[in-house]
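# Structural description and commentary
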Amino acid sequence: MTTSTHYLQIQHLRKSFGSFTALDDISLEIKEGEFICFLGPSGCGKTTLLRAIAGLEQQEEGRIVQAGRDISTLPPQQRDFGIVFQSYALFPNLTVSENIAYGLANMKIPRREREQRVQSLLDQIHLPEIGDKFPGQLSGGQQQRVALARALATEPGLLLLDEPLSALDARVRLHLRNEICALQRKLGITTIMVTHDQDEALTMADRIVVMDHGRIAQIGTPEEIYRQPATEFVARFVGSMNLLPARVLSHNQLMLGRKEVQVPLMLPPCDEGTLGFRPESVQLHAAPWGLDRSEQLVFQAQLEQVHFMGAFVRLELGYDAELPQIHVDLPVEQLHSLNPAVGRALWLSVPAAALKFYPQEGQNRNPVSEAGHNGQMNLGVAAMQVAGA
């Protein structure tokens, strides 16, 4: 990832479909060479935003500036990008080589240079011998790599990936994830990928734009998004999170279910909210001796179930009948050293830095603990030109 000036600027974009608001005042800035993921559930606006950047949807308000050039109203063919769709969108009646060269032919590039560039791209996607085959003779993973090569053939400034891996099986997805990242970093091309898969976003992106109901919920690095989710929505959507509804009693006292607890946070002036912490941030203890309640949340819960997850075990504990179960993730070795029996009461501690408190909607909306970057933030993306966009 480079640290140069902004390559793509999106300013106050709005887009509606009838009474449905798909994009609601979207603004962000992306640096050259960055790999950005638009992450969110179906209907959050991530694909509409990608299509607006490509000119495939026309926003009602706002500007899009790419490399200092206002492209807000330009048709797709006059924008500098390449695009890869979930469905591959290869021409079935053309060979692989002809598919990749399609955009080059439209650019009037000489035949010999086209052939050299096509072969170079086939080498880069590790499929050097398939140029004479047709798309129907290829696997899904191979077709997606050919679609990627076709998008890169015209050497665009921006590469757009619209859920490119979602139609593939898990093993192929994982392999292509790594290949796309390696190729993007080798070429240094600004890239935006749309996905609903948090694992893809966390492993591939330099920065993630989490979207919710047409708005940006949070922008940040994968670590920032995971460790410091800025809203309860982000906490629920990215990773696993214990989220316990709570009533605020004082600046450091909460009512969790029917039990009062002291929390090592300065709680905001609100009545209700949600206390959150990741399952891996919890430590288990046989007794509470020596635990500092001014530095840690300390409480007792009963072990109800143990699930072996491979590299770790997930414990499900009951704290109060009115609350959801609490999940705790432990290394297998640690569980063996504790050797807790189902039905046993255990003491749990969570350090202050791992706790988040989200006031109930309509009250103070800022998390009490340190949040990740919320709202506007500089980002970086990479660009690419579609063959026949």
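Cut-offs used in this document
- Residues numbered from 1 in each chain as written.
- Predicted model: local features only at pLDDT ≥ 70, side-chain atom pairs only at ≥ 80, totals over all residues.
- Heavy atoms only, no water.
- Buried < 20%, exposed > 50% of the residue type's maximum accessible area, 1.4 Å probe, protein only.
- Helix = DSSP H or I, 4+ residues; strand = E, 2+ residues; numbered from the N terminus.
- Contact = heavy atoms within 4.5 Å.
- UniProt positions renumbered as here; feature names shortened; annotations may be inferred.
- 1 Å grid on protein atoms, 1.4 Å probe; cavity = no way out; pocket = protein on both sides within 12 Å on 5 of 7 lines; lining within 4 Å.
- Points joined across faces, edges and corners; volume = space filled by probe spheres on them.
- Salt bridge = Lys/Arg side-chain N within 4 Å of Asp/Glu carboxyl O.
- Nonpolar A, V, L, I, M, F, W, Y, C, P; charged D, E, K, R; others polar.

## A closer look at helix 2 (residues 96–106)
Of all the positions in helix 2, only Val96, Asn99, Ile100, Ala101, Gly103 and Leu104 are classed as buried. Next to the buried residues of helix 2 lie helix 3 (111–124) and helix 4 (140–152). Phi turns positive one or two residues past the end of helix 2, at lysine 108, with a value near 65 degrees.

## Side note on the UniProt feature "domain: ABC transporter" (unreviewed entry) in the protein chain
Under the UniProt annotation, the feature "domain: ABC transporter" (unreviewed entry) is placed at residues 8–238. Its end C-alpha atoms 26 Å apart, residues 8–238 is made of 36% helix and 27% strand.

## Comments concerning the layout of surface pockets
Reported here for the second largest pocket is a volume of approximately 240 Å³. Surrounding the second largest pocket, Leu94, Ser97, Glu98, Ala101, Tyr102, Ala105, Arg111, Arg114, Glu115, Val118 and Gln119 form its lining. For the lining of the second largest pocket, the secondary-structure elements that each account for two or more residues are helix 2 and helix 3.

## Quick look at the side chain of glutamine 296
Relative to the assigned elements, glutamine 296 resides in strand 16 (residues 296–308). Once residues lying within four places of it in the same chain are set aside, the contact partners of glutamine 296 are Pro264, Leu291, Ser349, Val350, Pro351 and Ala352.

## A short note on the pattern of salt bridges
In this structure the tally under the stated criterion is 14 salt bridges. When the shortest N-O distance is used, the salt bridge between glutamate 115 and arginine 111 registers 3.3 Å. Here arginine 111 and glutamate 115 lie together in helix 3, a separation of 4 residues that amounts to about one turn. Among the residues examined, arginine 111 registers a relative accessible area of 60% and is labelled exposed. In this structure, arginine 314 and aspartate 329 form a salt bridge, with 2.8 Å as the shortest nitrogen-oxygen distance. Separated by 15 residues along the polypeptide, arginine 314 in strand 17 (residues 312–318) and aspartate 329 in strand 18 (residues 326–331) bring together distant segments of the chain.

## So, empty space enclosed by the protein
Per the counting criterion, the structure on display carries 2 cavities of 30 Å³ or more. Of the volumes computed, that of the largest cavity is approximately 50 Å³. Lining the largest cavity we find Val84, Gln144, Arg145, Leu148, Leu161, Pro164, Leu176 and Ile180. For the lining of the largest cavity, the elements supplying multiple residues, two or more each, are helix 4 and helix 5 (170–187). At 3 residues, helix 4 tops the list of elements feeding residues into the lining of the largest cavity. In terms of residue class, the lining of the largest cavity is made up of 6 nonpolar, 1 polar and 1 charged. In this structure, the second largest cavity encloses a volume near 30 Å³.

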